[in-house]
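Single-letter residue listing:
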Amino acid sequence: MSTALDGAGDGTPRAAVSGRRAVGVALTLAVLAYALDQLSKLWVERTMELGESIVVIPGLLRWHYILNPGAAFSIGEGHTWVFTLIQAVVAVVALVQIARVRSLPWALALGGLAGGVLGNLTDRLFRPPSFGQGHVVDMISVPRFAVFNVADSFIVCSMILVCLLLVTGRRLDGTREA
């Protein structure tokens, strides 16, 4: 007999999916996040001048092309290499966890996180001024907030989902803590 917790009436939690499907969802989202991030940065670099600002929705959204050597709000501008190391560790941890995931919500969280982190890590590794200390391309600007990019959006949304999953006791395999 199927209960609210059963997915198929076989005792499988609803959030649990096959390992192959969960990994596929996570990797697809990671590739999508990475591609959207890198393509948006390429578009900005090819169509805008550094420092240029274009109003998209008056009073709400504009494109503002900047290079960020630091973290959010340009914190730690003199320590770019630290962010490179942190991003590399987070990318590895996310990818390792993706291989273990059996839950669709966790697949979405880890896939978005991996794609976003790899997007910004690519900037840190391969953009000027030097390997490991590259400046991240940022371009999305909303009033009274930092200028950010697509990768940052995926990272923040994914971390919100990670926090919700942890607070609600959801495990990578789709089960719930007692």
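Predicted model only: the values in this text are computed from it and were never measured. (Residues numbered from 1 in each chain as written. Predicted model: local features only at pLDDT ≥ 70, side-chain atom pairs only at ≥ 80, totals over all residues. Heavy atoms only, no water.)

A. A look at the overall build of the protein. Regarding its fold elements, the protein presents four helices and three strands. For the protein, the proportion of contacts with a sequence separation of at least 24, taken over those separated by at least 6, is 62%. If you sum the accessible surface of the protein, you get close to 10,000 Å²; carbon and sulfur atoms cover 69% of it. (Helix = DSSP H or I, 4+ residues; strand = E, 2+ residues; numbered from the N terminus. Contact = heavy atoms within 4.5 Å. Areas by Shrake-Rupley, 256 points an atom, 1.4 Å probe, with all protein chains shown as cover.)

B. Looking closely at unusual backbone geometry. Of the consecutive residues Pro128 and Pro129, the connecting peptide bond is found in the cis state with omega at 15°. Secondary-structure assignment places Pro129 in the loop between α3 (104-126) and β3 (136-141). Its identity is not glycine, yet Arg144 carries a phi of approximately 55°, on the positive side. Structurally, Arg144 is set in the loop between β3 and α4 (150-167).

C. Quick look at the pairing of strand β2 (residues 61-68). Here strand β1 (residues 53-57) pairs with β2 via four bridges, running antiparallel. Counterpart to Ile54 in the pairing with β2 is Trp63. Counted along the chain from β1 to the antiparallel partner β2, the turn is three residues long, and its residue Gly59 has a positive phi close to 75°. Strand direction decides the pairing type here: β2 and β3, joined by five bridges, are antiparallel. Each bridged residue has a counterpart across the sheet, and for Ile66 the counterpart in β3 is Asp138. (Pairing = 2+ DSSP bridges.)

D. Looking closely at a nonpolar patch on the surface. The grouping of Val56, Ile57 and Leu60 at the surface amounts to a nonpolar patch, some 240 Å² of accessible area in total. Note on placement: Ile57 falls in strand β1. (Patch = residues over 30% accessible without salt bridge, like charges linked within 9 Å, V, L, I, M, F, W, Y side chains within 5 Å. Salt bridge = Lys/Arg side-chain N within 4 Å of Asp/Glu carboxyl O.)

E. Structural view of the environment of Ala30. Here Ala30 lies in helix α1 (residues 19-47). Since its relative accessible area comes to 8%, Ala30 is described here as buried. Between the alpha carbons of Ala30 and Gly111 there is a distance of 4.4 Å; along the sequence they are 81 residues apart. Other than its neighbours up to four places away in sequence, Ala30 contacts Gly111, Ala114 and Gly115. (Buried < 20%, exposed > 50% of the residue type's maximum accessible area, 1.4 Å probe, protein only.)

Interpretation in functional terms is not warranted from these geometric data alone.
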